[in-house]
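Results of the structural survey
Listed below, chain by chain, are the residues.
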Amino acid sequence: MKTRSLFANGLTALLLFSSLGLWAQGQPAIQYFRNYDKRGVNVFETTKTDTIPYDGLKIRFGAGFTQGYQNLNHSNGLLAPSPLYEMGGGFPLAQANFNIDVQLYDGVSLNLVSYMSSHHHNEFWVKGGYLQIDKVGFMKSEFFDKLWKNLTLKVGHMEVNYGDAHFRRSDGGHTLWNPFIENNIMDAFTTEIGAELYWKKDGLFIMGGYTDGEIQGNVAAPSTPAGAKRAPSFYGKVGFDKQLKENLRVRLTGSVVTTSSSASNTLFGGDRAGSNYQYVMENAPVTLTGNAFSGRFNPGFRDNLTAFVINPFVKFGGLEVFGTFESASGLSSLENAEGVTAYSKEPDRIATQTAVEALHRFGKTEQFYVGARYNTVAATIAEGYTATVRGIRTDVTIDRTSIAAGWFITPSILLKGEYVTQNYGGFLATGANNRFYNGKFDGFVIQGAISF
């Protein structure tokens, strides 16, 4: 009964969003806006190009919908019968997002995104929202108008602009910008409360950001050593992005983020929508919410964290290459000996990630593509730490190879598929992560995505 209900809800949403997609074509234009459909592919930070005149308050409603079919197999090297969840081909829960974009004033806009259905939060859930200011005419000052010519300010509870991979990832029901099915193994994505200030000119940009360092608002300030201390996150980004020739675009960015202490840092675990590889490498019994992030890896730097990433992007004609070269270090609160008397603070653990993807887009409007991505992670994980017992550390590796193809049936409708294989190395046959011992999964996933 529940499965039929989910299918009926998904079919209803598909029909609704298909009709809404036709209506969406007549929606008002928003200044400095990244379109949710195919026009938003390979768009990163919005530019300072002002092409839309302001003629009053405008409200734009949008949505993202994704229904997938997966047929994945998984196994591990445990000698006893594996308790891994028994999987077969089937349809995961359909996912849906709801977007509101508002032109509030000339050069001032609001963005709000909510999850209507996802693999983690099945109920309606607000992802976040922000105010973006590209003009300050409301200040009635010629000096500030000139000062702001190359500046952009974003303020709100929003995606932290660390790295470029989050501009290409799947996000709940909005999966149309991602040419593959899933995100990076170590998925750098979170939403925090803060502000980002950009300077942009002739393809160059510099950004500085400040947030509260937490995925949710938090006003606690514990005075005891056992308490989870809080400190803000500081981050920055520099980059170059320019169309050098008619058929050649080059982009290169570097990002850094650092937090000295958090109650719960979530840079690599801030997604509240879930994975697009459902239940892979999960022990039975499983639940949709409790096992929402299958196939990903979180290094567990929940207290202090410092991370760096370099992202090159080149598009030459229909050929497109995007890379992620990342290194992060940090600790959990127990490894930092917060509230611990049995042992002292541990040295920082390190996790590194490399991901390289190559695509060929073709067709009259580049409506077709084929591509491949190789993604590998090497990290030291911590297991068994308590307030009275020092745990153990283990070096592990994970690698993934994906081969994908896609067809933009219309600018708002994408059909895509992927064959994937992922391998786990270094995990122990005992302990909390023993399900990954000599683990592997492979198979294919197909998705239909609508965004407008």
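What you see is a predicted model, and the numbers here were worked out from it, not measured in a lab. (Residues numbered from 1 in each chain as written. Predicted model: local features only at pLDDT ≥ 70, side-chain atom pairs only at ≥ 80, totals over all residues. Heavy atoms only, no water.)

**Section: the overall build of the protein chain**
A tally of regular secondary structure across the protein chain gives two helices and 16 strands. Scaling as 2.2 N^0.38, a compact globule of 452 residues should have a C-alpha radius of gyration of about 22 Å, and the protein chain matches this with 22 Å. The buried share among the 452 residues of the protein chain stands at 52%. Surface exposure of the protein chain reaches about 19900 Å², of which carbon and sulfur atoms provide 64%. Taking the average location of the 40 positive side-chain charges in the protein chain and that of its 39 negative ones, the two points are 4 Å from each other. (Helix = DSSP H or I, 4+ residues; strand = E, 2+ residues; numbered from the N terminus. Rg over C-alpha atoms; globule rule 2.2 N^0.38 Å. Buried < 20%, exposed > 50% of the residue type's maximum accessible area, 1.4 Å probe, protein only. Areas by Shrake-Rupley, 256 points an atom, 1.4 Å probe, with all protein chains shown as cover. Lys, Arg positive; Asp, Glu negative; His and termini not counted. Charge placed at Lys NZ, Arg CZ, Asp CG, Glu CD.)

**Brief notes about the nonpolar core**
Formed by 38 residues in total, the largest nonpolar core has its most connected members in Y162, F268, Y277, F297 and A307. Elements represented by at least two residues in this core include exactly strand 10 (304-316), strand 13 (368-383), strand 14 (392-410), strand 15 (413-425) and strand 16 (440-451). Excluding its chain neighbours within four sequence positions, the residues that come into contact with A307 are Y162, S255, V256, V257, L267, F268, S327 and A328. Core analysis: the next-biggest nonpolar cluster, separate from the first, contains 14 residues, V113, F180, L414 and A449 among them. (Core = buried A, V, L, I, M, F, W, Y, C linked by side-chain atoms within 4.5 Å. Contact = heavy atoms within 4.5 Å.)

**Re the pairing of strand 16**
One ladder, built from 12 bridges, connects strand 1 (residues 58-75) with strand 16; its direction is antiparallel. Paired with L72 across the strands is G443, a residue of strand 16. Sheet topology places strand 15 next to strand 16; 11 bridges connect them, and they run antiparallel. Bridge pairing links G417 to I446 in strand 16. (Pairing = 2+ DSSP bridges.)

**What about the confidence of the model for the protein chain?**
For the protein chain, the average pLDDT comes to 92, and 93% of its residues sit at 70 or higher. Taken together, the stretch residues 1-11 has pLDDT below 50 and engages in three contacts with residues farther than four places along the chain or on a different chain. (pLDDT = per-residue confidence, 0-100.)

**Topic: empty space enclosed by the protein**
This structure, assessed with the given rule, holds eight cavities of 30 Å³ or more. The calculated volume of the largest cavity comes to roughly 660 Å³. Taken together, 35 residues line the largest cavity, and the ones lying closest to its centre are R34, N111, Y130, K154 and E159. Those elements giving two or more residues to the lining of the largest cavity turn out to be strand 2 (95-105), strand 3 (108-117), strand 4 (125-133), strand 5 (151-159) and strand 6 (191-201). (1 Å grid on protein atoms, 1.4 Å probe; cavity = no way out; pocket = protein on both sides within 12 Å on 5 of 7 lines; lining within 4 Å. Points joined across faces, edges and corners; volume = space filled by probe spheres on them.)

**Overview of the pattern of salt bridges**
Here the structure, examined in full by the defined rule, presents 30 salt bridges. Note that K135 and D106 form a salt bridge whose closest N and O atoms lie 3.2 Å from each other. Pair noted here: K135 is in the loop between strand 4 and helix 2 (142-147) and D106 is in the loop between strand 2 and strand 3, with a separation of 29 residues, a long-range link. Exposure remark for K135: the relative accessible area of 23% places this residue in the partly exposed category. (Salt bridge = Lys/Arg side-chain N within 4 Å of Asp/Glu carboxyl O.)

**Some words on the side chain of Q70**
Examined against the element boundaries, Q70 turns out to sit in strand 1. Side-chain polar atoms of Q70 contact the backbone nitrogen of Q278, separated by 2.9 Å. (Polar contact = N/O pair within 3.5 Å; in protein donor to acceptor, adjacent residues only side chain to side chain.)

**So, the packing of aromatic side chains**
As enumerated under the stated definition, the model contains 19 aromatic pairs in all. Each ring, one from Y105 and one from F138, has its centre 6.3 Å from the other, and the planes form 70 degrees; the classification is edge-to-face. Linking Y105 in strand 2 with F138 in the loop between strand 4 and helix 2, this pair joins segments that are 33 residues apart in sequence. Look at Y105 and you get partly exposed, because its relative accessible area is 30%. Overall, the relative accessible area of 40% leaves F138 in the partly exposed class. By the ring-pair criterion, three or more aromatic residues cluster together here, those being F33, Y36 and W177. Between the NZ or CZ atom of R251 and the centre of the ring of F44, over which it lies, the distance is 4.1 Å. (Phe/Tyr/Trp six-rings, centres within 6.5 Å; stacked < 30°, edge-to-face > 60°. Lys NZ or Arg CZ within 6 Å of the ring centre and 35° of its normal.)

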